[in-house]
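As a plain string of letters, each chain reads:
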Amino acid sequence: MDCCQLSLFLLLFFSASTALAYERPPAREVLSVPLAADADGLTPQQVHISLVGSDRMRVTWITDDDGPSVVDYGTSSGQYSHSAAGSASSYSYLLYRSGQIHDVVIGPLSPSTVYYYRCGSNPAREFSFKTPPSSFPLKFVVVGDLGQTSWTNSTLQHVAAAAYDVLLLPGDLSYADFAQRLWDSFGRLVEPLASARPWMVTEGNHEIESIPVVHSASFVAYNARWRMPYDADPSSASGSNLFYSFDVAGGAVRVLMLGSYTDFGTGSDQYRWLAADLARIDRARTPWVFAVIHAPWYNSNAAHRREGEAMRVAVEALLYGYRVDAVFAGHVHAYERFTRVNNNIADGCGPVHITIGDGGNREGLASKFLNPQPSISVFREASFGHGRLAVVNATHARWSWHRNDDDKAVAADEVWFTSLAANLAC
């Protein structure tokens with residue numbers, strides 16, 4: 001049995017144990033994005049960036065061979081006035097061994113500024129990114145369960161057409177599912193976007209990749225390839241790449257990236273960290289607080305019913321008490337927006353819950369919703385797409401959801417939010 005056969009066997013084995021009582025539409029083919037024909041062992045590939053504190057950026061890339069972990073950067077193309085060094089590592093998974101995963105943090109950087117950079121001092125490839133603004137307005141793209149199919153390509157094309165500052169991904173990135181070379185393919189697929197704007201991600205169930213007895217460690221590839229700023233600020237360090245938080249817009253927006261597949265119960269490391277992190281937020285300075293999870297707490301789809309319930313019971317009161325404005329989730333391969341809700345009832349002081357697990361995964365759409373539609377469910381549709389969150393000022397933000405099957409990026413669902421910090425009743 002070769003690696004691909006083993007991966008398929010393991011995927012079928014573990015999927016069978018969680019089979020649900022609905023039928024997905026036919027799956028689409030998995031895209032395999034090869035290394036460029038002119039690349040050599042030192043050519044940087046799978047380049048992506050992520051925020052580190054208020055004025056720094058982590059640059060991550062992979063080379064097949066050992067090479068310098070150095071990033072040269074500046075504000076003019078081909079002219080690099082600054083340089084930063086970092087480190088490299090690799091990991092093994094069954095018969096697979098990764099390339100050298102380079103990790104370099106650059107900065108300080110100016111807000112709303114385009115920087116040009118090259119990785120490993122390799123002159124063959126130049127990249128560029130734009131830093132987020134230090135004040136409002138701020139624009140997010142939110143998309144979950146991406147995978148790597150023709151659906152994914154459609155989603156990425158729509159995202160590329162959006163003017164955004166930061167991308168939020170609520171888990172299920174590559175759908176490698178034990179076949180580690182699909183992590184490499186995914187990195188190449190998203191590189192044009194992920195190298196140009198910061199991608200902030202949290203883990204989903206497809207990142208676990210543990211195999212009893214054979215490979216017991218979880219999240220090995222995810223943690224090695226997608227390192228997030230969980231230790232950037234000693235005062236709010238979480239101690240785990242599986243949950244963390246970060247500020248944008250000069251501290252006016254706080255984003256909590258939570259882990260649905262690591263311990264979240266009262267007394268757990270994640271719960272204690274989250275309670276302390278929320279307590280530190282000054283809503284006069286930070287009028288907006290958002291949370292990102294993988295398994296949704298509210299869901300009227302037949303898929304993945306109540307899989308987020310245990311986390312909701314453990315954590316919801318904490319988010320409600322600190323007036324978190326919205327919670328974004330993935331996992332269910334459809335789109336659904338709920339009203340402000342707490343403890344299963346409409347509550348004007350609770351967060352808006354949005355499921356956006358419709359990025360383009362190979363498993364297809366979760367097309368069966370429960371009827372009648374719950375009163376707290378405002379809009380739901382089984383289509384691939386992505387969301388855009390424009391935080392206009394300290395009091396108002398605009399959310400819109402965009403279908404892939406629209407020829408143009410037309411918003412199929414749209415709503416304005418008012419910050420709970422601005423709501424005197426809350």
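Conventions used here
Residues numbered from 1 in each chain as written. Predicted model: local features only at pLDDT ≥ 70, side-chain atom pairs only at ≥ 80, totals over all residues. Heavy atoms only, no water. Patch = residues over 30% accessible without salt bridge, like charges linked within 9 Å, V, L, I, M, F, W, Y side chains within 5 Å. Areas by Shrake-Rupley, 256 points an atom, 1.4 Å probe, with all protein chains shown as cover. Salt bridge = Lys/Arg side-chain N within 4 Å of Asp/Glu carboxyl O. Buried < 20%, exposed > 50% of the residue type's maximum accessible area, 1.4 Å probe, protein only. Axes fitted to C-alpha atoms, helices over the stretch in contact; angles between N-to-C directions. Helix = DSSP H or I, 4+ residues; strand = E, 2+ residues; numbered from the N terminus. Parallel < 35°, antiparallel > 145°, perpendicular 65-115°, else oblique. Left-handed = near helix turned anticlockwise from the far one by under 90°. Contact = heavy atoms within 4.5 Å. Nonpolar A, V, L, I, M, F, W, Y, C, P; charged D, E, K, R; others polar. Expected span 1.5 Å × (residues − 1). Arc of directions from axis to C-beta. UniProt positions renumbered as here; feature names shortened; annotations may be inferred. Phe/Tyr/Trp six-rings, centres within 6.5 Å; stacked < 30°, edge-to-face > 60°. Lys NZ or Arg CZ within 6 Å of the ring centre and 35° of its normal. Core = buried A, V, L, I, M, F, W, Y, C linked by side-chain atoms within 4.5 Å.

Together, Leu94, Leu95, Val213 and Val214 make up a nonpolar patch on the protein surface, roughly 460 Å² of accessible area in all. Judged by relative accessible area, which is 34%, Leu94 ranks as partly exposed.

Between helix α5 (residues 269-279) and helix α6 (residues 309-321), the shortest axis-to-axis distance is 10 Å and the interhelical angle comes to 15 degrees. Relative to α6, the element α5 is oriented roughly parallel. You can see that α5 and α6 cross each other, and the crossing is right-handed. Residues Gln270, Tyr271, Leu274, Ala275 and Leu278 of α5 pack against Met311, Ala314, Val315, Leu318 and Leu319 of α6. Within the contact of α5 with α6, the residues separate by chemical class into nine nonpolar, one polar and no charged.

Here α6 spans 18 Å end to end across 13 residues, near enough to the 18 Å set by a 1.5 Å rise per residue. Taken together, the buried positions of α6 are Glu309, Met311, Arg312, Ala314, Val315, Glu316, Leu318, Leu319 and Tyr320. Of the surrounding elements, those touching the buried residues of α6 are β15 (253-257), α5, β16 (288-292), β17 (326-329) and β18 (335-342). Among the residues trailing α6, Arg323 stands out with phi positive, at a value near 55 degrees.

All buried positions along α5 are accounted for by Gln270, Tyr271, Trp273, Leu274, Asp277 and Leu278. Buried positions in α5, seen along its axis, are confined to an arc of 165 degrees and lie on one side of it. Summarising the contacts, the buried residues of α5 are in contact with β14 (244-248), β15 and α6.

Within this numbering scheme, the UniProt entry marks residues 44-131 as carrying the feature "domain: Purple acid phosphatase N-terminal" (unreviewed entry). With 0% helix and 56% strand, residues 44-131 has its two end C-alpha atoms placed 21 Å apart.

So, on to the packing of aromatic side chains. For the structure shown, the criterion picks out 18 aromatic pairs. Members of the aromatic cluster, connected to one another through ring pairs, are Tyr73, Tyr115, Tyr117, Phe127 and Phe129. One cation-aromatic arrangement involves Arg323 over Tyr320; the distance from NZ or CZ to the ring centre is 4.7 Å.

If you look at the biggest cluster of nonpolar residues, it comprises 106 residues, and the most contacted ones within it are Phe140, Trp199 and Trp399. If one sorts the elements of this core by residue count, helix α3 (residues 181-194) sits on top with six residues. Discounting chain neighbours no more than four positions away, the residues touching Phe140 are Tyr164, Val166, Leu168, Val248, Val253, Val255, Phe290, Gly387, Arg388, Leu389 and Val391.

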